[in-house]
Amino acid sequence: MSAADLAGALADGRISSVEATQAHLERIAAVDGEVHAYLHVSDHALDVAADIDRRRAAGDDLGPLAGVPLAIKDVLVTTDMPTTSGSKILEGFRSPYDATVVARSRAAGLVPLGKTNMAEFAMGSSTEHSAYGPTRNPWDLDRVPGGSGGGSAAAVAAFEAPFALGSDTGGSIRQPAHVTGTVGLKPTYGGVSRHGAIALASSLDQVGPVSRTVLDSALLHDVIAGHDPHDATSLADAWPSFADAARDGARGDVLRGLRIGVVSELPDSGVQPGVASSFHAALSAMVAQGAELVDISAPHFEYGVAAYYLILPAEASSNLAKFDSVRFGLRVDVPGGTVEDVMATTRDAGFGDEVKRRIILGTYALSAGYYDAYYGSAQKVRTLIQQDFAAAFARVDVIATPSAPTTAFRLGEQLEDPLQMYLNDVTTIPANLAGVPGISVPSGLAGEDGLPVGIQVLAPAREDARLYRVGAALEALLVDDWGGPLLDRAPRRGEDR
Ligand code: GLN
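Report follows, based on the coordinates. (Residues numbered from 1 in each chain as written. Predicted model: local features only at pLDDT ≥ 70, side-chain atom pairs only at ≥ 80, totals over all residues. Heavy atoms only, no water.)

### Topic: the site of the ligand
Taken together, 16 residues form the shell around the ligand, and within it Gly 124, Thr 169, Ser 172, Tyr 308 and Asp 425 come nearest. The contact in question runs from a nitrogen atom of the ligand to an N or O atom on the backbone of Ala 122, over 3.0 Å. Here an oxygen atom of the ligand sits 2.7 Å away from a polar atom, N or O, in the main chain of Thr 169. Here the ligand, which alone exposes 290 Å², has 100% of that area covered by the protein. For the shell around the ligand, the element with the most residues is helix α10 (residues 304-319), which contributes 3 residues. Looking at the shell around the ligand residue by residue, the classes come out as 6 nonpolar, 7 polar and 3 charged. (Near = heavy atom within 4 Å. Polar contact = N/O pair within 3.5 Å; in protein donor to acceptor, adjacent residues only side chain to side chain. Areas by Shrake-Rupley, 256 points an atom, 1.4 Å probe, with all protein chains shown as cover. Helix = DSSP H or I, 4+ residues; strand = E, 2+ residues; numbered from the N terminus. Nonpolar A, V, L, I, M, F, W, Y, C, P; charged D, E, K, R; others polar.)

Set out below in structure tokens:
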């Protein structure tokens, strides 16, 4: 069941939270040995669920999602479960506080099922860089589930959770959604608190929802959105109900008269033919509903990946400096060694290759003499990309792109080629650089290999509700094109194995 359907059944008393939670724990026990979506499964989820059931029976005023299970990406710190961010350096770490989004989820009565696997410190597009082994794509276990949030996306696609929390610095919610046939939304920068989300690149990171339906993402987003005094970049905005926006989109004719920008500089070359044709079919379907396609120019998007791989490593090298063998997690003692020896040995043992690669890139880009040439130039490109968005949004309501260039690739296929891996985020990165929101909605199955494909919709900053409206309309329109309802299809292949 979707989270919305579960919430309805819980409210009507047709099921209990203990039953809903038990069903998901059984599903995890049945399939997670192969999928490996979870790093940790909560040993007290049933107690939390029983407490919700008791409070409901006592007539407490519970929120609309009370009793619904939730998966949590391991980048988010939790007091009652370990947090590793996919890294050995945080093995054994237990947070003294909950991330704000986790605290809000608990307050809403959601039942945390466990922590999901991720690329180490959220670096990568395949989840193969997790220090705890890769997650597999439930549609085809030889394929990656995307990344960095492959665990959250795979858990949701494999029905191991109705929805999940993710984080998106360059595409880590949207690209996994694309390759697993799920929905994922990166909110406007500042729209959701980053407090307790282990920082990758602070000026790019956003926490957001992952689910099988647009409405479910909206429901979860309603729980986690809003100002947080613990996050200095948190917006003070009062957000509209995203769930209302999604319901509105599924009903109304929001596509009529919608001006959809298509970026002329994003050519079909480099995009797998099945992904391109699914994208164009989705556009045609929207035009048939009265939407208008507008060619827009965003000449600086093509420099997005290059700028991102200077800004991100620069910020990451600084953020990761705190893993110093003293304050958190792992410490490798060096008998007779200095504190620097212990630090260096611990960091060498605790960080994986991709993390080391980015720390080296970042410290190099920030070093005296190179700062203006690399970091300074990248920040200028970032401003130009923001200006591209501003010019486009003066003419269109939303921008549409394929969510990623290819369907799920095979495990190992891109592991030895970091640059190839980086290019998976070519269409998602501009939104992080500009701080605008983006959603990935399933648009069908690609012709070549029958694997899921998503369409990305981008809106101006603060217009997240527009994405739920358009996303729900798109979902209603495209589900038929799958040859069956989305909810019936996702787990089949994983189960057949
Ligand atoms: N794949 C991108 C990277 O490796 C995205 C990461 C993210 O969004 N956390 O940086």
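Structure shown, so let's carry the discussion forward.
### Let's talk about the nonpolar core
Core analysis: the largest hydrophobic core is formed by 73 residues, its most contacted members being Leu 76, Val 101, Phe 121, Phe 389 and Ile 399. Examining the composition of this core, we find that 8 residues originate from one element, α10, more than from any other. Excluding residues within four positions of it along the chain, Phe 389 makes contact with Phe 301, Ile 399, Pro 430, Ala 431, Ala 434, Val 436 and Leu 458. Ranked by size, the runner-up nonpolar core spans 37 residues in total, among them Ala 282, Ala 291, Val 457 and Ala 465. (Core = buried A, V, L, I, M, F, W, Y, C linked by side-chain atoms within 4.5 Å. Buried < 20%, exposed > 50% of the residue type's maximum accessible area, 1.4 Å probe, protein only. Contact = heavy atoms within 4.5 Å.)

### Regarding the environment of Ala 404
Its place among the elements puts Ala 404 in the loop between β9 (398-402) and α14 (418-422). Through-space distance from the C-alpha of Ala 404 to that of Leu 451 is 13 Å; in sequence the pair is 47 residues apart. Filtering out sequence-adjacent residues up to four positions away, Ala 404 remains in contact with Gln 175, His 178, Val 275, Asn 424 and Thr 427.

### Brief notes about helix α5 (residues 150-157)
Across the 8 residues of α5, 8 count as buried, placing the element largely inside the fold. Looking at α5, one finds that the buried residues are Gly 150, Gly 151, Ser 152, Ala 153, Ala 154, Ala 155, Val 156 and Ala 157. Phi turns positive, to about 65 degrees, at Phe 159, one or two residues after α5.

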